[in-house]
Amino acid sequence: MINKTILPNGIRVVSEYIPYVKSISLGIWIGTGSRFEDDHNHGISHFIEHMMFKGTKNRSAKDIAESIDSVGGHLNAFTAKEYTCYYIKILDSHSDLAMDVLSDMLLNSQFDSDHIEKEKQVVLEEVKMYEDSPDELVHDIYLENVWKEHQLGRNILGTKDSIVNFEKDLILEYIKDFYTGDNVAIVCAGNIEHEKLVELAKKYFSDFSGKKKEKEIIAPNFTKVKSFHYKDTEQTHLCLGTIGVDQNSPDLYAIYLLNNILGGGVSSRLFQSIREERGLAYSVYSYQTNYKDCGLFSVYAGTSKDNTKQVIDLILQNIKDLKNYNITEKELRTAKEQIKGAMMLGLEGSSSRMSRLGKLEITLGKFVSLDEIVEEIEKVSLDKIANIIEKIFRKDLISFTSLGPIQETDIENIDCI
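The rules behind each value
Residues numbered from 1 in each chain as written. Predicted model: local features only at pLDDT ≥ 70, side-chain atom pairs only at ≥ 80, totals over all residues. Heavy atoms only, no water. Phe/Tyr/Trp six-rings, centres within 6.5 Å; stacked < 30°, edge-to-face > 60°. Helix = DSSP H or I, 4+ residues; strand = E, 2+ residues; numbered from the N terminus. Pairing = 2+ DSSP bridges. Axes fitted to C-alpha atoms, helices over the stretch in contact; angles between N-to-C directions. Contact = heavy atoms within 4.5 Å. Salt bridge = Lys/Arg side-chain N within 4 Å of Asp/Glu carboxyl O. Buried < 20%, exposed > 50% of the residue type's maximum accessible area, 1.4 Å probe, protein only.

## A short note on the packing of aromatic side chains
Following the criterion strictly, the structure yields 15 aromatic pairs and no others. Look at Tyr285 and Tyr300: their rings are 5.2 Å apart centre to centre, the planes differ by 40°, and that puts the pair in the tilted class. Taken together, the positions of Tyr285 in strand E9 (residues 283-290) and Tyr300 in strand E10 (residues 295-304) put the pair 15 residues apart, joining distant regions of the chain. Three or more aromatic residues joined by ring pairs form one cluster here, namely Trp29, Phe78, Tyr83 and Tyr87.

Set out below in structure tokens:
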């Protein structure tokens, strides 16, 4: 059962009581991420996430780590485009400790100047590590290309130029603007009753107040591009994609199913035709990304320079086949069962349930039950799949980005679908 309470300071407390487990997963979700940054503070959301672990008025960085490690718990955080989350998984008997540590981090972090300078170097090394991972880097280059000059098209980490300029005043200004009561959700799944969670939230987060900064949110315009980025690598890493749908779209579940059929698993068309039948790639898949007001549908593959043209041709051929309405009822039924099964299996632990609750609350402000999702999946027909295919796979929308040893002269007719 899902319960929700809004505290006097605006904080939302959301929980799912799971009495048959011995743990809780507790997350503090902030409704801000790289999408809400400006040019001068690009990467600040991620940097603040790092700094929250560096010491408070009450605990050193080592104390923070040891307080949770010493009872067998797990403490971590992550930053996304539209939200940031700090979370702990711990035995239910230590729920008070979990709330104490998280509130201490978010309310009492010192942001010591020496720690800021050291952490700049850590994040700069993280940027370098990311740049040395072409199979990950190509996705960011692709985003920069199709969502030009928009916050959603930028790397969450920031740039070398922006990171070196981070200082305490900039951090405190951003926290004042977005780490506010009305922009926070305390989310928990596990063996704790909602009333107890609310009492703990009142005890430790009553000083979390303020109103978030009003910031105009504009959806990005999709740009059709053909972009080649040379890098001396063994493989060509490529992304080929088009527009997708937003989180509230009536086509959301149709595009889930389309993704599953095209490249969402080992039985998908792309995996079978490119890897299993021809051995042209180790990694090939499709994926769809949804935000509050926009989305993308993309295909990734990593292959040798000599096989790049053939892999692209096969991706385009698979898209052409979709446009020829050759998805069968059996294929659609299989996709529905795969998605339902994966979704239910993925929610067997308290961590995954907390994560799902948090994302729904911070992005949509509401809970969508598994029964509602299953019902929507079952409603998707072949005609609805055909409509979304016609909408997104248009010649004027297909964009291409590669990272690796190929040149533009090596590839022709990329936009022929």
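## Examining the sheet that holds strand E7 (residues 226-230)
Judged by pairing direction, the sheet is mixed, and its 5 strands sit side by side in the order E7-E11-E8-E10-E9 without closing on themselves. Unpaired on one side and paired on the other, E7 and E9 mark the two borders of the sheet. When strand polarity is set aside, the average angle formed by the axes of neighbouring strands in this sheet is 15°. Across the face of the sheet, helix H9 (residues 252-263) comes into contact with E9 and E10 while running at roughly 175° to E9. Contacting E9 and E10, helix H10 (residues 269-276) runs over the sheet at an angle of about 155° to E9.

## Here's the deal with the pattern of salt bridges
According to the stated counting rule, one finds 28 salt bridges in the structure shown. Lys120 is the partner of Glu117 in a salt bridge, and the nearest nitrogen-oxygen pair spans 3.1 Å. Here Glu117 pairs with Lys120, and both are found in helix H4 (residues 113-131), just 3 residues apart, close to one helical turn. Lys379 is the partner of Glu376 in a salt bridge, and the nearest nitrogen-oxygen pair spans 3.3 Å. Linking Glu376 with Lys379, this pair stays in helix H14 (residues 370-379), spanning 3 residues, or about one helical turn. Classification of Glu376 by relative accessible area gives partly exposed; the value is 32%. Given the relative accessible area of 52%, Lys379 is considered exposed. The network of salt bridges with common partners includes Arg333, Glu337, Lys340 and Glu378.

## Comments concerning the sheet that holds strand E4 (residues 74-79)
Reading across the sheet, the 6 strands line up as E1-E2-E6-E3-E5-E4 and stay open at both edges, with mixed pairing between neighbours. Across the chains shown, the open sheet's two edge strands, defined by having one partner strand only, are strand E1 (2-6) and E4. Adjacent strand axes in the sheet meet at a mean angle of 15°, parallel and antiparallel pairs treated alike. Here E4 runs beside strand E5 (residues 84-91); their pairing, made up of 6 bridges, is antiparallel. The partner of Asn76 across the bridge, within E5, is Tyr87. Sheet strands touched by helix H3 (residues 95-108): strand E3 (23-30), E4, E5 and strand E6 (184-190). Its angle to E5, the strand with the most contacts, is close to 155°.

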